[in-house]
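Summary of the model geometry
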Amino acid sequence: MARDMGPVLKRCRSLGIEPAYLGIDKKSNRAVQRSRRKPSEYSLQLREKQKAKFIYGVLEKPFRNLFNRAQAMKTGTAGENLLSLLELRLDNVMFRMGFARTRAEARQIVSHKHVLVNGKCVNIPSYTLKVGDKIEIKEKHKNTIRYKDIFEVTEGRTVPEWLEVNHEDHSGVVKEIPTRDQIDVPVDEVLIVELYSK
């Protein structure tokens, strides 16, 4: 499986993203060298797509497939639908609920078969959840040191309104499809739509 293994803080700097959006507490002390030339329309659109792909940890082909799905949806705009689909990925929901410190760790937890969706084991990080789906950690993994450490770090993290979480039971439910107002990622989805519409 292909993965982006580059230095995270360096990438955050180049894209102008706070590492906190990835669940990382570190701060980069280096300043970004900015070009004096005004960026072109294409470079702005490309940058927004790269930001979205980097934040959610999605490569080009699956990202394009998600965009095609978002465009085919009958309700909402393509850009907002794309962000909703990215948010409803199983690895992202695990991160949002505080069951993983970063989305990369959430992906690992899912692929190592620690997660049940509606009582069935799901090991596909890109699995799209639906309203009413119940997500929980398998019983045999609940009391391990790993999850105690994770909950210590994620305890103060705000859980989005569209999710309901029970940390004592290591479970959560998708209450509703997230709207754009409930998604806090610093991405201009309109520019992504413009890029793919060319």
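Heads up: the structure comes first, above all this text.
1. A word on the packing of helix α3 (residues 60-72) against helix α4 (residues 78-87)
Running from N to C, α3 and α4 cross one another at 125 degrees; their axes reach a closest spacing of 8 Å. It follows that α3 is oblique to α4 by the angle criterion. At the point where α3 passes α4, the crossing takes the right-handed sense. Contact residues: F63, L66, F67, R69, A70 and Q71 in α3; A78, N81, L82, L85 and L86 in α4. Per-class residue counts for the contact of α3 with α4 are eight nonpolar, two polar and one charged.

2. Things to note about the sheet that holds strand β5 (residues 171-174)
Pairing between sheet strands relies on hydrogen bonds along the backbone, with the strands arranged either parallel or antiparallel. The five strands lie next to each other as β2-β1-β3-β5-β4, forming an open sheet whose pairing is antiparallel. Edge positions in the sheet fall to β2 (120-121) and β4 (163-166), since each has one partner strand and no second.

3. Quick word on unusual backbone geometry
A positive phi is found at K113, a non-glycine position, where the angle reads about 65 degrees. In this fold, K113 is placed in the loop between α6 (103-111) and β1 (115-117). In this model, H170 sits at a positive phi of 55 degrees, which is unusual for a non-glycine residue. Within the element layout of this structure, H170 appears in the loop between β4 and β5. You can call H170 buried: its relative accessible area is 9%.

4. Observations regarding the pattern of salt bridges
Inspection of the entire model under this criterion finds twelve salt bridges. Here E105 ties to R101 by a salt bridge, and the two come within 2.7 Å at their closest N and O atoms. Here D169 makes a salt bridge to K142, at a shortest N to O gap of 3.7 Å. Of this pair, D169 sits in the loop between β4 and β5 while K142 sits in the loop between β3 (134-137) and α7 (145-154), and the two are 27 residues apart along the sequence. The class for D169 is partly exposed, based on a relative accessible area of 32%. Through salt bridges with shared partners, a single network forms among K49, K53 and E60.

5. Side note on the nonpolar core
Of all hydrophobic cores here, the largest spans 23 residues; its most connected members are L90, M94 and I135. With four residues, helix α5 (residues 90-96) is the single largest residue contributor to this core. Ignoring anything within four residues of it in the chain, the contact list for I135 reads L90, V93, M94, M97, V115, L116, L129, H170, S171, G172 and V174. Judged by nonpolar contacts, the second largest core, of 19 residues, contains A52, Y56, A70 and V185.

6. Considerations on the side chain of Q182
Residue position: Q182 is located in the loop between β5 and α8 (189-196). Among the polar contacts listed, one links the side chain of Q182 to the side chain of E161, at a separation of 3.5 Å. Of note is the side chain of Q182, whose polar atom sits 3.0 Å from the backbone nitrogen of T179. Filtering out sequence-adjacent residues up to four positions away, Q182 remains in contact with E161, W162, E176 and I177.

What counts and what doesn't
- Residues numbered from 1 in each chain as written.
- Predicted model: local features only at pLDDT ≥ 70, side-chain atom pairs only at ≥ 80, totals over all residues.
- Heavy atoms only, no water.
- Axes fitted to C-alpha atoms, helices over the stretch in contact; angles between N-to-C directions.
- Helix = DSSP H or I, 4+ residues; strand = E, 2+ residues; numbered from the N terminus.
- Parallel < 35°, antiparallel > 145°, perpendicular 65-115°, else oblique.
- Left-handed = near helix turned anticlockwise from the far one by under 90°.
- Contact = heavy atoms within 4.5 Å.
- Nonpolar A, V, L, I, M, F, W, Y, C, P; charged D, E, K, R; others polar.
- Pairing = 2+ DSSP bridges.
- Buried < 20%, exposed > 50% of the residue type's maximum accessible area, 1.4 Å probe, protein only.
- Salt bridge = Lys/Arg side-chain N within 4 Å of Asp/Glu carboxyl O.
- Core = buried A, V, L, I, M, F, W, Y, C linked by side-chain atoms within 4.5 Å.
- Polar contact = N/O pair within 3.5 Å; in protein donor to acceptor, adjacent residues only side chain to side chain.

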